[in-house]
There are 2 protein chains.
Amino acid sequence: MEELDVIILGSGAAGYTAAIYAARYNLKTVVIGKEPGGVASEAAEIENYPGFLKINGMDLMEKFKEQVESLGVKIYTYAEIESVNKNNGSFTVKLSTGDELSGRALIVALGSKRRKLGIPGEKELAGRGVSYCATCDAAFFRDKTVAVIGGNDSAAKAALLLAEGSKKVYIVYRRGKIRAEPILVDRCESNEKIEFIYNAVPVEIKGDNVVKSLVIEQDGEKKEIEVDGIFVEIGSEPEDNITAMLGLEKDEAGYTEVNADMSTNVPGVFAAGDITTGSNKFRQLTTSVAEGSIAAESVYKYINKIKNEKNKSE
Amino acid sequence: MEELDVIILGSGAAGYTAAIYAARYNLKTVVIGKEPGGVASEAAEIENYPGFLKINGMDLMEKFKEQVESLGVKIYTYAEIESVNKNNGSFTVKLSTGDELSGRALIVALGSKRRKLGIPGEKELAGRGVSYCATCDAAFFRDKTVAVIGGNDSAAKAALLLAEGSKKVYIVYRRGKIRAEPILVDRCESNEKIEFIYNAVPVEIKGDNVVKSLVIEQDGEKKEIEVDGIFVEIGSEPEDNITAMLGLEKDEAGYTEVNADMSTNVPGVFAAGDITTGSNKFRQLTTSVAEGSIAAESVYKYINKIKNEKNKSE
């Protein structure tokens, strides 16, 4: 088994950027990713990554991927990580594909996954009207009525995207006003197809093979809204299986604690992107590429230090 | 005089990104810049900004600028800042153009400027063979002999660029090996036109209206190398006039100290990009866009807090 310099876990913006930098440092690098592009690839339109006035998330992540591959870095996609172990200052990663990799350092860039509502009907009707990705599924709801649950940027973006084709879009939010970027709030408020249902908590999703309605609680009363689709946009939580295997320290919300150089509490393990507590917890494409590049620089320094120490002791 | 929400000082990658984010927060924003694009626009080829396999620095910065302007943000270019003052919780900026601007918050993204050698002949022959920007001036040295002073990434890149058209390129460096990215070191070492002169310190530039030779000291001896051009690439130092006017705290190298949210020691003043101590001091395009976006988010929060306090007290 060839000894790699660094194994990058995660193929989103942070992982890809770490790979670009690591390869330019001439480090033997591989990237392992469940889905290519991470959460950014789910965005229909990205307008706040500098350099692109407007670009589809999948297209942008494809550009990142090409850049990684142009430097000769192998990307394992659709690969589940079965285990990660540290022994004798080296890390072994076992994949569901049967591959086994060994590397001197790790960059954990696993991002985050969508938060679930946890209400009756959600699990049963997932993929049957309940969706966690408007970009992926909006086209199925042409001329239909849908509800977006949530009040953050993703919720507003999902509502705007859905309003393009759907008949009617409800934004259901537990507070009195959505908390998205003001430019997105303006666009939602001036869109005739979008209706806000504030101070409302979803309590049940009803349906018979497909979604039929959403039951909410508002002002202490239960109300039922007829909808064909429900888009859950109530934020994300960090990936936690693998960070637990590695024994990484986390904050109260489960995000991996990092130092300024993206190192973690475990020597040789660095982290980058949405999974970390870095960048003032402002989780954006801009901050993901920064953390990816800093992590790669730190791995480069870390490996040089190990090599120097080894040379001295020999 | 209209009261702006935020005045961004600097029109490089960090300033432009701050402007994109600030405008999307619906903040009344202007950008003031001496030269559009900052230091990135001097790069002949950028290969490590994710999304672009290879792009000319000026082209990339033009894309950033278009994105800023598409959001209706006014950019004052070629404007020298004459003074910056704080009074009654608001900042007044006077420009050499006669314009006077007032804003509730500042983002200082002034970047850094090229370090000089400080040896006889340098000042006299600047622009007459002595250059601080290979991208700008390489074309003047077609089939000529040039020396690049320095051993960092910029020095290696300058040498590679110059080697495309020049007859011969010396890299003169005070240490025994250049310290650029390994991928760049490899390319320099395998380039037949490039010759390394190590452990050498430049002591004088000779010429008669134009550069004729470079005098170096190596192993205690003075040597004279005939060259037509000298490219000084010995790093940068932060812009310091304006940070001094504002009373910003700096580290020993003169970089502005920032907190995780890009705030400085002066309330209402935030900083981003190469001028700061942020991002583990890894000064890249990736980290500049991150700091720009974080600074804009922090300004948004800062201004909302001020407005809320004002409402409460009324």
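Predicted model only: the values in this text are computed from it and were never measured. (Residues numbered from 1 in each chain as written. Chains lettered and ligands numbered in written order. Predicted model: local features only at pLDDT ≥ 70, side-chain atom pairs only at ≥ 80, totals over all residues. Heavy atoms only, no water.)

1. Some remarks on the overall build of chain A
Which entries qualify depends on this criterion: A run of H or I in DSSP counts as a helix once it spans at least four residues, and a run of E counts as a strand once it spans at least two, with each numbered from the N terminus. Using C-alpha atoms as the atom set, the radius of gyration is obtained and then compared with a globule rule of 2.2 Å times the number of residues to the power 0.38. A simple rule labels every residue: compare its accessible area, found with a 1.4 Å probe on the protein chains alone, to the largest value its type can have, and call it buried under 20%, exposed over 50%, or partly exposed in between. Note on contacts: a residue pair is in contact if any heavy atoms of the two residues lie within 4.5 Å. Values of accessible area rely on a 1.4 Å probe in the Shrake-Rupley scheme; residue burial ignores everything except the protein chains shown.
Scanning chain A from N- to C-terminus turns up 7 helices and 17 strands. In terms of overall size, chain A behaves like a compact globule, its C-alpha atoms giving a radius of gyration of 22 Å where 314 residues would be expected to give roughly 20 Å. Along the longest, intermediate and shortest principal axes, the C-alpha atoms of chain A span 75 × 40 × 35 Å. The proportion of buried residues among the 314 residues of chain A is 55%. Look at the contacts in chain A between residues 6 or more apart in sequence, and 59% of them connect residues 24 or more apart. If you sum the accessible surface of chain A, you get close to 13800 Å²; carbon and sulfur atoms cover 43% of it.

2. Focus on the sheet that holds strand β12 (residues 200–208) of chain A
Residues and elements named next belong to chain A. The condition is simple: At least two DSSP bridges between two strands are required for those strands to pair. Between N-to-C directions, angles span 0 to 180 degrees; the directions come from axes that are lines fitted to C-alpha atoms, helices contributing only their stretch in contact.
Judged by pairing direction, the sheet is antiparallel, and its 3 strands sit side by side in the order β12-β13-β14 without closing on themselves. Two strands close off the open sheet at either side, each with one partner strand: β12 and β14 (221–226). Mean inter-strand twist for the sheet, computed between neighbouring axes without regard to direction, equals 25°. Bridge count for strand β13 (residues 210–218) against β14 is 6 bridges, and the pairing is antiparallel.

3. So, the domain arrangement of chain A
Residues and elements named next belong to chain A. Basically, it comes down to this: In this entry, domain limits derive from an automatic or database-based domain assignment. Reported buried area values correspond to the accessible surface (1.4 Å probe) lost by two parts on association, with both partners' losses combined. The salt bridge criterion pairs a side-chain nitrogen of Lys or Arg with a carboxyl oxygen of Asp or Glu, the two atoms within 4 Å. N or O atoms closer than or at 3.5 Å make up a polar contact, with two conditions inside protein: a donor-capable atom paired with an acceptor-capable one, and, for residues adjacent in sequence, both atoms drawn from side chains. For this classification, Asp, Glu, Lys and Arg are treated as charged, while Ala, Val, Leu, Ile, Met, Phe, Trp, Tyr, Cys and Pro are nonpolar and the rest, including Gly, are polar.
The domain architecture assigned to chain A consists of domain 1 (3–114 + 236–313) and domain 2 (130–232). Look at where the C-alpha atoms of domain 1 and domain 2 centre, and you get two points 33 Å apart. Counting residues at the interface gives 5 residues for domain 1 and 7 residues for domain 2. Across the domain 1 to domain 2 interface the summed buried area is about 590 Å²; carbon plus sulfur atoms make up 45%. Per-residue buried area on domain 1 facing domain 2 is highest for E42, A44 and R114; these three make up 63% of the total on that side. Here R187 and E47 are joined by a salt bridge, their closest N and O atoms 3.5 Å apart. Counting across the interface, domain 1 meets domain 2 through 2 residue pairs in polar contact (both at pLDDT 80 or more). In terms of residue class, the side of domain 1 that touches domain 2 is made up of 2 nonpolar, no polar and 3 charged.

4. A word on the nonpolar core
Where we set the bar: We define the nonpolar core as a collection of buried residues of types Ala, Val, Leu, Ile, Met, Phe, Trp, Tyr and Cys that are connected through side-chain atoms lying within 4.5 Å of one another.
L9 and I32 of chain A together with L9 and I32 of chain B are the most contacted members of the largest nonpolar core, which totals 125 residues. Beyond its immediate stretch of four places on either side in the chain, L9 of chain A contacts I32, I81, V84, V93, L106, I107, V108, A109, L110 and I242 of chain A.

5. Some words on the confidence of the model for chain A
To keep it simple, the criterion reads: Per-residue confidence from the predictor is reported as pLDDT, a score between 0 and 100.
On average, chain A scores 93 in pLDDT, and the residues at 70 or more come to 100%. For this predicted complex, the interface confidence reaches an ipTM of 0.85, while the overall pTM sits at 0.86.

6. Let's talk about unusual backbone geometry
All names here are of chain A. Look at N199: it is not a glycine, yet its phi comes out positive at around 50°. The topology assignment puts N199 in the loop between β11 (194–197) and β12. Exposure remark for N199: the relative accessible area of 43% places this residue in the partly exposed category. Positioned with a positive phi, N280 is a non-glycine residue whose angle comes to about 55°. Of note, N280 is situated in the loop between β17 (269–271) and α7 (285–313). Take N280: its relative accessible area is 28%, and that puts it in the partly exposed class.

7. Observations regarding the interface of chain A and chain B
Every contact between the two is made by 41 residues of chain A and, on the other side, 41 residues of chain B. Carbon and sulfur atoms supply 57% of the area buried between chain A and chain B, which totals about 3600 Å² over both sides. Remark: the boundary between chain A and chain B carries 4 salt bridges. For the salt bridge of E47 of chain B with R24 of chain A, the shortest nitrogen-to-oxygen distance reads 2.7 Å. Linking chain A with chain B are 24 residue pairs in polar contact (both at pLDDT 80 or more), by the criterion used here. For the side of chain A that touches chain B, the elements supplying multiple residues, two or more each, are α1 (13–24), α2 (57–70), α5 (182–189) and α7 of chain A. When residues of the side of chain A that touches chain B are assigned to their parent elements, the largest contribution, 9 residues, is made by α7 of chain A. Classifying every residue of the side of chain A that touches chain B gives 19 nonpolar, 13 polar and 9 charged.

8. Some remarks on the relation of the copies chain A and chain B
Counted only if it meets this: Least-squares superposition aligns the copies on the C-alpha atoms of those residues with pLDDT at or above 70 in both.
Superposing chain A onto chain B takes a rotation of 180° plus a shift of 0.0 Å along the axis, which leaves an RMSD of 0.1 Å. In symmetry terms, the pair is related by a two-fold rotation axis. Across chain A, the rotation axis passes nearest the C-alpha of A290 of chain A, at a separation of 3.0 Å. The residues that chain A uses at the interface reappear at the interface of chain B in 100% of cases, marking a shared surface.

9. Quick word on the pattern of salt bridges
Considering all chains together, one arrives at 30 salt bridges over all chains under this definition. As a salt-bridge pair, E237 of chain B and R115 of chain B come within 3.8 Å of each other at their nearest N and O atoms. With E237 of chain B in strand β16 (residues 236–238) and R115 of chain B in the loop between β7 (112–114) and β8 (130–131), this pair connects stretches of sequence that are 122 residues apart. Classification of E237 of chain B by relative accessible area gives partly exposed; the value is 31%. For R115 of chain B, a relative accessible area of 35% translates into the label partly exposed. Each of R24 of chain A together with E45, E47, K54, E181 and R187 of chain B takes part in a single network of salt bridges with overlapping partners.

10. Observations concerning the packing of aromatic side chains
Residues and elements named next belong to chain B. Note the cut-off: Two rings from Phe, Tyr or Trp (for Trp, the six-membered ring) form a pair when their centres are within 6.5 Å of each other. A pair whose planes differ by under 30 degrees is stacked, one over 60 is edge-to-face, and the rest are tilted.
Counted according to the given criterion, the structure contains 16 aromatic pairs over all chains. An angle of 55° between the planes, with centres 5.9 Å apart, marks the rings of Y49 and F64 as tilted. Residue Y49 is located in the loop between β2 (29–33) and α2 (57–70), and its partner F64 is located in helix α2; the two are separated by 15 residues in the primary sequence. Classification of Y49 by relative accessible area gives buried; the value is 0%. Geometrically, the ring pair formed by F270 and Y302 is edge-to-face, given 5.8 Å between the ring centres and 70° between the ring planes.

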